[in-house]
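# Commentary on secondary and tertiary structure
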Amino acid sequence: MSKIKELINDKESILVFDVDGVLAVMEFGSRFHFMPDEEWNETLESDINVYTEDKVSSKMQAFLSDRDMNNIYVITKISDKNESNHKIKYASKYYNIPEENIYFVREDLEKADKLLEIKKRNNNVADEKIIMIDDTVDILNDVMKKTNFSTAHISSFLDI
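This structure is a prediction, so every number in the text was calculated from the model and none was measured.

An order of β3-β2-β1-β4-β5 is seen for the five strands of this open sheet, with the pairing classed as parallel. If you trace the sheet from one side to the other, it starts and ends with β3 (102-105) and β5 (150-153), each paired once. Sheet twist, expressed as the mean angle between neighbouring strand axes with direction ignored, is 25 degrees. Of the strands in this sheet, β2 (72-77) and β3 are in contact with helix α4 (residues 81-95), which crosses β3 at around 150 degrees. The strands that helix α6 (residues 137-146) touches are β4 (130-134) and β5; relative to β5, the one it contacts most, it runs at about 170 degrees.

This brings us to the pairing of strand β1 (residues 14-17). Judged by which residues are buried, β1 turns out to be covered on both faces: I14 and V16 on one side and L15 and F17 on the other are all buried. The sheet contact formed by β1 and β4 spans four bridges and is parallel. Following the sheet pairing, V16 is matched in β4 by M132. Two strands pair when backbone bridges link them, and β1 and β2 are joined in this way by three bridges, in the parallel orientation.

Thresholds, definitions, all that
- Residues numbered from 1 in each chain as written.
- Predicted model: local features only at pLDDT ≥ 70, side-chain atom pairs only at ≥ 80, totals over all residues.
- Heavy atoms only, no water.
- Pairing = 2+ DSSP bridges.
- Helix = DSSP H or I, 4+ residues; strand = E, 2+ residues; numbered from the N terminus.
- Axes fitted to C-alpha atoms, helices over the stretch in contact; angles between N-to-C directions.
- Contact = heavy atoms within 4.5 Å.
- Buried < 20%, exposed > 50% of the residue type's maximum accessible area, 1.4 Å probe, protein only.

Here you go:
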């Protein structure tokens, strides 16, 4: 039996969230979950912020509302500086995540390395209580292979 929900609900656990599809609802296209790459790149280059209040998960906000935000982190992939600025503002404004707890990667498979940096900041926390929460199974599998940390797919939050 999985104990991931027990770990997620443990107030002493370090929860590390992805943004796209996890803290931000994946509704970036007009009738699709995302927009074509060319349109996405133009949007970023034009400094148009798509990380707005309509992308917030009220369920996730409620879940995090009584947590110690020093134990909440973000590791998210970015394409450019505009995207990183937008994601910082989004995570800080809508989820109260401290800016110093927000990490960026250029490639998805760099997330395991960033988790190791988070561990260094939280040496007293057991590895199993550091949990990467993502919507991409390949990322979660990579974290499983490279670290001793716990992993949770966003679907684990559907009935918490």
